[in-house]
Amino acid sequence: MTGFRDQLVHWFEEHKRDLPWRRTSDPYRIWVSEVMLQQTRVDTVIPYYNNFVQKFPTLQDLAYAEEQDILKAWEGLGYYSRVRNLQTAVREVVEHYGGKVPDTKKEISQLKGVGPYTAGAVLSIAYHKPEPAVDGNVMRVISRVLLIEEDIGKAKTRPIFENALAEMISPDKPSEFNQGLMELGALVCTPKSPGCLLCPVREHCRAYHAGKEKSLPIKEKKTKVTVKDMAAIVLRNKQGEVLIQRRPDTGLLAKLWQFPNVEVAKGTESEQECLQEFFRSELEISVKIEKAVQKVEHVFSHLVWNITVYEGTLLSDKEGTSEDMRWVDENSIESYPFPVSHQKIIEQQIRR
DNA sequence: GATTCGTGGGA
DNA sequence: TTCCCAAGAAT
């Protein structure tokens, strides 16, 4: 009877998908792919990865790039701190490691945005080091194989899997072993109705033998979301330019651009009055709110924006100046990174 | 240790 | 429709 390890590696080598980041041995590109793949599906990542490595072919290209340009390349992918942290990290690599991605767990783990999973993934895939890379797939697969009933939603559970994998991982082919676990989780050992009859390591799976594969892994319920009513405005001046605003440096959608907007607390003044007051206090300008033209819902992990979009025109002669506000013509707006909800506003209100 | 960070797809 | 989720990390 062949071991779990060899059967998994063999299955991976026979069945692995042809993915762009599997065609390179460049640690930088493998790193980029791993950051993009954090909490993000393979099919979503593929076009972003191809575009990103075309725009920033080397670690140095990314290190010296403009922040707005890297955010634009990330536009629509979500979790935007990932790409800002990645640039911070590659700059650190240029400064302290001569432009070569470090190949030790201690060094690579100190880089911004590189946690236990990404460290293990880059070390094993790019440098063939026998380090575990525990992501959601791996916890699901291993929880079934070893019948581990700990809550995978809790932080203290992950070391349980890392310790178990330390004794399972292939010393000769750690890259294929780790990717094999993830590939198996993506293609066969799926969250709902896993394909056990197609599984290359079924004979080693305790959950399968116990008939518990569908009830694993154990995961706690999610937290409830809060809903916010927002009013946004496409405000034009006499030249036909549109006013956009840059979001703060930290927090939700940091450093992305948006149409000026306010939160409308329940049971207060009207949305129009909230917008009027916003421009009076922030820019000391007066505007005419024409009408509501669109409704946009933006669903986040733990938050929902219900946005009503208004049209408006600038009444004051002066345009109002602020660090984070800018009048742009309708062509150059394409070069600014926007969150998806405001991309929908651009589609409907600008590209007409 | 619990929350905060996006988005789109599928059951 | 609603819910869950997908190659997590920072705070």
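Within an unreviewed UniProt entry, the label attached to chain A reads Adenine DNA glycosylase, and the organism entered is Alkalihalobacterium chitinilyticum. In its Function (unreviewed entry) section, the UniProt record describing chain A reads: "Adenine glycosylase active on G-A mispairs." Reading the Sequence similarities (unreviewed entry) entry of the UniProt record for chain A gives the comment "Belongs to the Nth/MutY family."

Peer 1: Just to check I follow, could you spell out the protein's contact with DNA strand B for this structure?
Peer 2: The full set close to DNA strand B counts 23 residues, and T40, G78, G251, L252 and P339 are the nearest of them. Considering only residue class, the surface near DNA strand B consists of nine nonpolar, eleven polar and three charged.

Peer 1: What is the right way to look at the UniProt feature "domain: Nudix hydrolase" (unreviewed entry) in chain A in this model?
Peer 2: Those places that UniProt annotates as "domain: Nudix hydrolase" (unreviewed entry) correspond, in this numbering, to residues 226-352. Secondary structure across residues 226-352 comprises 17% helix and 39% strand; the distance between its end C-alpha atoms is 33 Å.

Peer 1: Help me understand unusual backbone geometry in this model?
Peer 2: Trans peptide bonds make up most of the peptide bonds, and negative phi angles are found at most residues other than glycine. Here the bond from L216 into P217 is cis, since omega is 0 degrees, no more than 30 degrees from zero. Within the element layout of this structure, P217 appears in the loop between α12 (206-210) and β1 (226-236). You will see that Q39, though not glycine, has its phi angle at about 60 degrees, which is positive. Here Q39 lies in the loop between α2 (27-36) and α3 (42-55). The phi dihedral of L253 is positive, around 55 degrees, even though this residue is not glycine. Take L253: it is sitting in the loop between β2 (242-246) and β3 (257-258).

Peer 1: What should I look at first to understand the environment of V53 in this one?
Peer 2: Turning to its location among the elements, V53 is positioned in helix α3. Assessed through the 21 C-beta atoms surrounding it within 10 Å, V53 is described here as buried. Residues contacting V53, with those up to four places away along its chain left out, are R29 and V32.

Peer 1: Which parts of the structure should I look at to understand the nonpolar core?
Peer 2: One recurring pattern in soluble globular proteins is that nonpolar side chains are buried together. Ranked by internal contacts, the top residues of the largest apolar core, which has 82 residues, are L8, V32, V122 and V138. Residue contributions to this core reach at least three from each of two domains, namely domain 1 (4-215) and domain 2 (226-349). Once residues within four sequence positions are removed from consideration, V32 is found in contact with Y49, F52 and V53.

Reading the values: rules and limits
- Residues numbered from 1 in each chain as written.
- Chains lettered and ligands numbered in written order.
- Predicted model: local features only at pLDDT ≥ 70, side-chain atom pairs only at ≥ 80, totals over all residues.
- UniProt positions renumbered as here; feature names shortened; annotations may be inferred.
- Near = placed C-beta within 6 Å.
- Nonpolar A, V, L, I, M, F, W, Y, C, P; charged D, E, K, R; others polar.
- Helix = DSSP H or I, 4+ residues; strand = E, 2+ residues; numbered from the N terminus.
- Buried ≥ 20, exposed ≤ 12 C-beta atoms within 10 Å, placed from the backbone.
- Contact = placed C-beta atoms within 7 Å.
- Core = buried A, V, L, I, M, F, W, Y, C linked by C-beta atoms within 7 Å.
- Domains from an automatic or database assignment.

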